Amino acid sequence: MSPVDFLRDLVNPDLAFLPKALLVAVMSSIVCGVVGCYVVLRGMAFIGDAVAHAVFPGLAIAFAVSGNLILGGTIAGVATAVLVAVFSQNRRLREDSVIGIFFVAAFALGIVVISRAPGYAGSLQQFLFGSITGIPDEDLYTVAVTGVLVLGAVFLLHKEFVAVTIDREMARATGLRVFWLDIVLYVLVTLAVVISVQTIGNILVLALLVTPAATARLLTDRLAVMMLLAPVIGGLCALVGLYVSWSWDFPTGGTIVLVLTAVFLAAWVLAPKHGLLAPGRRAESSADAV
């Protein structure tokens, strides 16, 4: 299928689900791209993966009671994130240990709940791998509103998040409430994950959160530029991934992730300053060899 044919399908009234799928994918990519910058800079990739597990019981319960999936996932994710933040204050246990305990337990709870719900097999596949072409109109509006709220919170607390990211102890010494900022960031990560689950699924959602930001990190040293590049990269990859999946009948979520990964690998090799073939990197490698 040519790009022109794809554009025709986007405006075809009989394929109304296709532009909705593209809109949700792009909106999710933008939100995850911005929030993902903090995740990458703070080394929080494990938290992003864990949040994806944490929202699962909320999605399962919402499905079982025919409720709103996004609302259910948000409540479960936020509740688990708060528990992690609270229990992590006890320095006898490292934060990653607490995360591993609570988020895996949350995922296990989701499996138990959804196993008791009607239509178990189909619903589980939808949660794990996404169902971008079956998104109802109300979820489209929910994603848009949630995305605006997340981006607004990032804009308002950007300086505080950067301070905590650079030096937690210095931030605490200057009077910043690091504990509450951590909770807010966990909540924002949770919201970004929840609105993206229907796009690429519970298993693959970490890629949308981390890969665009990591790619942007290779292309620039400035945080402001990184936070502009990451959502652009994510949105363009979502567009290309949807086009490829629609043209060749590939799974949409998996295709978007593979496109994201291909762009990351290209940046890893070709980035002008930090790429494998960058002049500075080559000179550094030669010096190390000597």
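Structure's up top.
Residues numbered from 1 in each chain as written. Predicted model: local features only at pLDDT ≥ 70, side-chain atom pairs only at ≥ 80, totals over all residues. Heavy atoms only, no water.

*Asks:* With reference to specific residues and values, describe the nonpolar core.
*Replies:* By size, the foremost hydrophobic cluster in this structure holds 62 residues, and its most contacted members are Val-35, Val-55, Phe-103, Val-154, Val-189, Val-193 and Leu-209. Ranked by residue count, the leading element in this core is helix α10 (residues 178–219), at 19 residues. With 9 residues, the next largest nonpolar core counts Leu-15, Leu-22, Tyr-243 and Val-244 among its residues. (Core = buried A, V, L, I, M, F, W, Y, C linked by side-chain atoms within 4.5 Å. Buried < 20%, exposed > 50% of the residue type's maximum accessible area, 1.4 Å probe, protein only. Helix = DSSP H or I, 4+ residues; strand = E, 2+ residues; numbered from the N terminus.)

*Asks:* So what's going on with helix α12 (residues 252–270)? Residues and values would help.
*Replies:* Its 19 residues place the ends of α12 27 Å apart at the C-alpha level, agreeing with the 27 Å of an ideal helix rising 1.5 Å per residue. All of the buried residues along α12 are Thr-252, Gly-253, Thr-255, Ile-256, Val-257, Val-259, Leu-260 and Ala-267. (Expected span 1.5 Å × (residues − 1).)

*Asks:* Give a detailed account of the pattern of salt bridges, specifying residues and quantitative values.
*Replies:* Counted by the stated rule, this structure contains 4 salt bridges. In this structure, the salt-bridge partner of Asp-5 is Arg-8, at a minimum N-O distance of 2.9 Å. Here Asp-5 and its partner Arg-8 are both found in helix α1 (residues 3–10), 3 residues apart, which amounts to about one turn of the helix. Look at Asp-5 and you get partly exposed, because its relative accessible area is 32%. The exposure class assigned to Arg-8 is exposed, which follows from its relative accessible area of 52%. Arg-42 serves as the salt-bridge partner of Asp-182, at 2.9 Å between the closest nitrogen and oxygen. Of this pair, Asp-182 sits in helix α10 while Arg-42 sits in the loop between α2 (17–41) and α3 (45–54); the two residues are 140 residues apart in sequence, bridging distant segments of the chain. For Asp-182, a relative accessible area of 7% translates into the label buried. Residue Arg-42 is classed as partly exposed on the basis of its relative accessible area of 22%. (Salt bridge = Lys/Arg side-chain N within 4 Å of Asp/Glu carboxyl O.)

*Asks:* An account of the packing of helix α4 (residues 56–64) against helix α5 (residues 69–87) is needed here, citing residue identities and associated values.
*Replies:* Two elements in contact, α4 and α5, have axes whose closest approach is 7 Å; the angle formed by their N-to-C orientations is 140°. Where α4 crosses over α5, the handedness of that crossing is right-handed. Taking contact as the criterion, the partners of Pro-57, Gly-58, Leu-59, Ala-62 and Phe-63 in α4 are, on α5, Leu-69, Gly-72, Gly-73 and Ala-76. Among the residues forming the contact of α4 with α5, the class breakdown is 6 nonpolar, 3 polar and no charged. (Axes fitted to C-alpha atoms, helices over the stretch in contact; angles between N-to-C directions. Left-handed = near helix turned anticlockwise from the far one by under 90°. Contact = heavy atoms within 4.5 Å. Nonpolar A, V, L, I, M, F, W, Y, C, P; charged D, E, K, R; others polar.)

*Asks:* Run through the packing of aromatic side chains, naming residues and quoting values.
*Replies:* In this structure the tally under the stated criterion is 5 aromatic pairs. Look at Tyr-38 and Phe-161: their rings are 5.2 Å apart centre to centre, the planes differ by 65°, and that puts the pair in the edge-to-face class. Linking Tyr-38 in helix α2 with Phe-161 in helix α8 (residues 137–166), this pair joins segments that are 123 residues apart in sequence. Pair check on accessibility: Tyr-38 and Phe-161 agree, each one buried. (Phe/Tyr/Trp six-rings, centres within 6.5 Å; stacked < 30°, edge-to-face > 60°.)

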